[in-house]
Amino acid sequence: MFRQLMQGTQHHMSNPMVDQRSVAMRLAECVSQKLVNNGKPLQFEIAETEETLLLASMATPIAEQEEQLSCKRLERSSQHQSKNQYVDHVIQPTGNVQMREDSDDDDDDLVPFDMTSHDTPNVPHYLREAISNILEGKGNQLLNTLEALPNLIKSHPHDLAEVCDELCKVLLHCYSEESRTLTKQAIVSLICSCPVQTANYLINQFCCHGYNTDQRLFVLDVLSASCQHLSSSYDLEGANQFFPVAGHFFYPLLKCFEQLEVDELIAAHVIHTLAHVVHCAALSLSSGKMSEHLLELLAQYKSHQSAFVRQSTLCGISIVITSTSLPPKWLPFTRDWLKDVVDNDSNHHCRSLASASIQLLQQ
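Here we summarise the structure given alongside this text. As the structure is a computational prediction, the values presented were derived from the model and not from experiment.

Details of the overall build of the protein
Part 1: Across its full length, the protein holds 16 helices and zero strands.
Part 2: In the protein, buried positions account for 43% of the 363 residues.
Part 3: Partitioning the contacts of the protein with sequence separation of at least 6, the portion at a separation of at least 24 is 69%.
Part 4: By element, 51% of the accessible surface of the protein is carried by carbon and sulfur atoms, the whole surface being about 21400 Å².

Here you go:
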């Protein structure tokens, strides 16, 4: 059970949204307190929000909650008595109030609603039509097109190879915070229907210098979501749809990362994405080789000056431990590394993650 908790925590800690990472860490703390008997439960330094405080209160023992509720009831009772004393002095209105009865004839004065100004939204029926709508980029028409794209992609599988790159390109360039969710759903559908071609195109775009940090994070988010979706899908013969194509997500991104100069935020998220690919391909024949390449990358970044990057490497280690068998030659190195983090790392998150990974190794 603790392994599953760690896998879920690692996945959510790679989220670029600070609030969602905080909720994931607080939830992991609460659950680990119930799971860990002899060891030390997970503990993180969390920027408190309404959601994290609510989760903490839900995990508070019943006796403490009842004591807090009792104090609140006494306070409310005192306020209620004060209000009653005030209400006794309120003067009630007197006199007759004459109500006007409307006649059915008044309905004749209503102006008919003009339906001609509310046309049916322009929903595309073909992929080329969808591309044209996106390029025009007009408000509701754009959003309606993005919303219709997943079903449109599934209904035109034979046309995808021809328009895949062009469609992916216009989707990346129309990306905005307002349309983020719909754009992500459309590209994930495109990857799931045409995985090799779309994944290669996205990773090539990720390596281009014309994209900013937010766009690169979006590409990584889309790749991770697509891996998850494909790994939970099976064809008619019962074969996992992600296993045959996992390498097309892992190796091009790894090569790109080794050649590209990126900041610490991108570096941490690339490591998370590569680890997530390994996790989704855990039972495939290629998972062992990918795990070794991932371990080599983690060893390069384990002493990075950024705590966020060090956290990503520790998440990667725990994913290798839980998803695939840690190669014997890496076992002494991994133990020494984790012990050194627990004893010497200045970041509390890193120490907590390392401690949890040590527990995983001992199971």
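Having seen the structure, we can now continue with the description.
Digging into the state of the cysteines
Part 1: The final tally for this structure, using the stated rule, is one disulfide.
Part 2: Note that Cys-207 is cross-linked by a disulfide to Cys-256, the S-S spacing being 1.9 Å. Of this pair, Cys-207 sits in helix α9 (residues 195-207) while Cys-256 sits in helix α11 (residues 246-259); the two residues are 49 residues apart in sequence, bridging distant segments of the chain.
Part 3: For Cys-256, a relative accessible area of 4% corresponds to the buried category.
Part 4: Not engaged in a disulfide, the cysteine Cys-192 finds its nearest cysteine sulfur in Cys-227; these two sulfurs lie 9.2 Å apart.
Part 5: Since its relative accessible area comes to 18%, Cys-192 is described here as buried.

Concerning the nonpolar core
Part 1: Ranked by internal contacts, the top residues of the largest apolar core, which has 83 residues, are Leu-149, Leu-167, Phe-242 and Phe-249.
Part 2: With 10 residues, helix α12 (residues 264-280) is the single largest residue contributor to this core.
Part 3: The contacts of Leu-149, once residues within four sequence positions are left out, are Leu-127, Ala-130, Ile-134, Leu-167, Leu-171 and Ala-186.
Part 4: Counting residues in hydrophobic clusters, the runner-up holds six residues, among them Met-25, Ala-28, Phe-44 and Ala-356.

Re the side chain of Ser-231
Part 1: Along the chain, Ser-231 turns up in helix α10 (residues 213-231).
Part 2: A relative accessible area of 15% places Ser-231 in the buried class.
Part 3: Once residues lying within four places of it in the same chain are set aside, the contact partners of Ser-231 are Asn-240, Phe-242 and Cys-280.

Points about the packing of aromatic side chains
Part 1: The full count for this structure, using the stated rule, is six aromatic pairs.
Part 2: Ring geometry for Phe-257 versus Tyr-301: centroids 5.5 Å apart, planes at 25°, classification stacked. With a gap of 44 residues between them, Phe-257 in helix α11 and Tyr-301 in helix α13 (residues 287-301) connect regions that are remote in the sequence.
Part 3: Phe-257 gets classed as buried once you look at its relative accessible area, which sits at 2%.
Part 4: A centroid spacing of 6.0 Å and a plane angle of 50° characterise the contact between Phe-333 and Trp-337, whose relative ring orientation is tilted. Note that Phe-333 and Trp-337 are positioned in helix α15 (residues 331-344) at a spacing of four residues, about one turn of the helix.

Some remarks on the packing of α11 against α13
For any two helices packed against each other, the geometry comes down to the angle between their axes and how far apart the axes lie.
Part 1: Packing of α11 against α13 leaves a shortest axis separation of 11 Å and a crossing angle of 25°. Put simply, α11 runs roughly parallel to α13. Read as a crossing pair, α11 and α13 show a hand that is left-handed. On α13, the residues touching Ala-246, Gly-247, Phe-250, Tyr-251, Leu-254 and Phe-257 of α11 are Lys-289, Met-290, His-293, Leu-294, Leu-297 and Tyr-301.

Considering the packing of α12 against helix α14 (residues 307-323)
Part 1: Interaxial distance between α12 and α14 falls to 9 Å at its minimum, and their mutual angle equals 5°. Classified by the interaxial angle, the pair formed by α12 and α14 is roughly parallel. Across the interface between the two elements, Glu-264, Leu-265, Ala-267, Ala-268, His-269, Ile-271, His-272, Ala-275, His-276 and His-279 from α12 touch Phe-308, Val-309, Ser-312, Thr-313, Cys-315, Gly-316, Ile-319 and Ser-323 from α14.
Part 2: Classifying every residue of the contact of α12 with α14 gives nine nonpolar, eight polar and one charged.

Description of the environment of Leu-172
Part 1: If you trace the backbone, Leu-172 turns up in helix α7 (residues 160-173).
Part 2: Between the C-alpha atoms of Leu-172 and Lys-184, which are 12 residues apart in sequence, the distance is 9.2 Å.

Regarding the pattern of salt bridges
Should their charged atoms come close, side chains of opposite charge can pair.
Part 1: Inspection of every chain in the model, using the stated rule, returns eight salt bridges.
Part 2: A salt bridge links Arg-128 to Glu-166; the shortest N-O distance between them is 2.5 Å. Taken as a pair, Arg-128 in helix α5 (residues 127-136) and Glu-166 in helix α7 lie far apart in primary sequence, 38 residues in all.
Part 3: Classification of Glu-166 as partly exposed rests on a relative accessible area of 34%.
Part 4: For Arg-310, the salt bridge identified is with Asp-345, shortest N-O distance 2.9 Å. Of this pair, Arg-310 sits in helix α14 while Asp-345 is found in the loop between α15 and α16 (348-362), placing the two residues 35 residues apart along the sequence. There is no split in this pair, since Arg-310 and Asp-345 are both buried.
Part 5: Sharing partners across several salt bridges, the network here consists of Glu-177, Arg-180, Lys-184 and Asp-221.

Reading guide: rules and limits
- Residues numbered from 1 in each chain as written.
- Predicted model: local features only at pLDDT ≥ 70, side-chain atom pairs only at ≥ 80, totals over all residues.
- Heavy atoms only, no water.
- Helix = DSSP H or I, 4+ residues; strand = E, 2+ residues; numbered from the N terminus.
- Buried < 20%, exposed > 50% of the residue type's maximum accessible area, 1.4 Å probe, protein only.
- Contact = heavy atoms within 4.5 Å.
- Areas by Shrake-Rupley, 256 points an atom, 1.4 Å probe, with all protein chains shown as cover.
- Disulfide = S-S within 2.5 Å.
- Core = buried A, V, L, I, M, F, W, Y, C linked by side-chain atoms within 4.5 Å.
- Phe/Tyr/Trp six-rings, centres within 6.5 Å; stacked < 30°, edge-to-face > 60°.
- Axes fitted to C-alpha atoms, helices over the stretch in contact; angles between N-to-C directions.
- Parallel < 35°, antiparallel > 145°, perpendicular 65-115°, else oblique.
- Left-handed = near helix turned anticlockwise from the far one by under 90°.
- Nonpolar A, V, L, I, M, F, W, Y, C, P; charged D, E, K, R; others polar.
- Salt bridge = Lys/Arg side-chain N within 4 Å of Asp/Glu carboxyl O.

Spatial relationships are all this shows, so hold off on functional conclusions.
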